[in-house]
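So you can see what is in the structure, the chains are spelled out below.
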Amino acid sequence: MIKPEKRFMELALEAARVSAENGDYGHGAVVVKDGVVIATGYETLKSANDPVNGHAEVDAIRKACQKLQQPYLQDCILYSTAEPCPMCMSAAIWAKMNTVTYAITRDDMIDEMERIKQAGGGEFSWRQIAIPAEYIVEHGEPKVNLVPGFMSEEGKKLFELTKGK
């Protein structure tokens with residue numbers, strides 16, 4: 001397993017802020033190999049009208065494969081500001097990534113939606129498929145190392161950027 005480093009998650013958090021400034025959800029991702037940033041992914045689901053390639057993790061994985069001119073990222077770690085959805089987690093497995101680390105867990109997102117609902121905060125939700133990243137990894141090959149909740153408090157601050165989106 002590749003050990004996550006704070007400096008790279010901070011870059012993913014910055015990518016999330018840029019995504020939110022551009023009118024998208026506050027999600028960001030970074031692919032790192034041997035201590036070097038290979039690619040940064042931004043959420044463009046709304047701005048590009050693309051619910052598939054518009055996920056920050058998919059954006060980062062695609063860019064990293066293109067930059068390295070190879071389809072696999074065996075020696076790479078994916079930093080994501082939020083727990084990857086089933087599609088993004090599957091993409092990391094198919095890219096043969098070594099490690100995926102994320103700040104905000106799926107449960108954090110569910111708790112935040114409930115908190116906003118209880119506070120009368122109106123329309124705020126993420127569309128969810130109730131399959132955690134751990135389940136995808138358990139049922140996928142090759143195995144990917146997961147590091148959930150890395151810098152979670154910093155990640156939770158992104159909720160403020162997503163309200164009303």
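Whatever comes next refers back to the structure up there.
Attention here is on the structure that accompanies the text. The model shown is predicted, which means the values in this text are computed figures rather than measured ones.

Definitions and limits used
Residues numbered from 1 in each chain as written. Predicted model: local features only at pLDDT ≥ 70, side-chain atom pairs only at ≥ 80, totals over all residues. Heavy atoms only, no water. Pairing = 2+ DSSP bridges. Helix = DSSP H or I, 4+ residues; strand = E, 2+ residues; numbered from the N terminus. Axes fitted to C-alpha atoms, helices over the stretch in contact; angles between N-to-C directions. Contact = heavy atoms within 4.5 Å. Buried < 20%, exposed > 50% of the residue type's maximum accessible area, 1.4 Å probe, protein only. Salt bridge = Lys/Arg side-chain N within 4 Å of Asp/Glu carboxyl O. Expected span 1.5 Å × (residues − 1). Arc of directions from axis to C-beta.

Right, let's get into the sheet that holds strand β4 (residues 99-104). With mixed pairing, five strands are arranged side by side in an open sheet as β2-β1-β3-β4-β5. Each of the sheet's edge strands pairs with one partner strand only, and the pair in question is β2 (36-42) and β5 (145-148). In this sheet, adjacent strand axes meet at a mean angle of 15 degrees when their direction is disregarded. Helix α1 (residues 6-21) rests against β1 (28-33), β2, β3 (76-82) and β4 of the sheet, and its axis sits at about 150 degrees to β1.

Time to look at the environment of L13. Looking at the secondary structure, you find L13 in helix α1. Here L13 falls in the buried class, since its relative accessible area comes to 4%. A C-alpha to C-alpha distance of 9.3 Å links L13 and Y79, two positions 66 residues apart in sequence. The residues touching L13, leaving out its near neighbours within four places in the chain, are T81, M151, E154, G155 and L158.

This part covers the pattern of salt bridges. Tallied over the full model, the rule gives six salt bridges. When the shortest N-O distance is used, the salt bridge between D59 and K63 registers 3.1 Å. Here D59 and its partner K63 are both found in helix α2 (residues 56-68), four residues apart, which amounts to about one turn of the helix. Owing to a relative accessible area of 33%, K63 belongs among the partly exposed residues under this scheme. Across the pair E141 and K143 runs a salt bridge whose closest N-O atoms are separated by 3.6 Å. A relative accessible area of 58% places E141 in the exposed class. The network of salt bridges with common partners includes D108, E153 and K156.

This part covers the environment of I136. With respect to the secondary-structure elements, I136 resides in helix α5 (residues 133-138). Spatially, the C-alpha atoms of I136 and A15 are 25 Å apart, while their sequence positions differ by 121 residues.

Between its first and last C-alpha atoms helix α4 (residues 106-118) spans 19 Å; for 13 residues at 1.5 Å apiece the expected length is 18 Å, and the two agree. Within α4 the residues assigned to the buried category are R106, D108, M109, E112, M113 and I116. Projection of α4 onto a plane perpendicular to its axis shows the buried side chains occupying an angular sector of 160 degrees, all on one side. In α4, the exposed residues that point more than 90 degrees away from the buried face are D111 and Q118.

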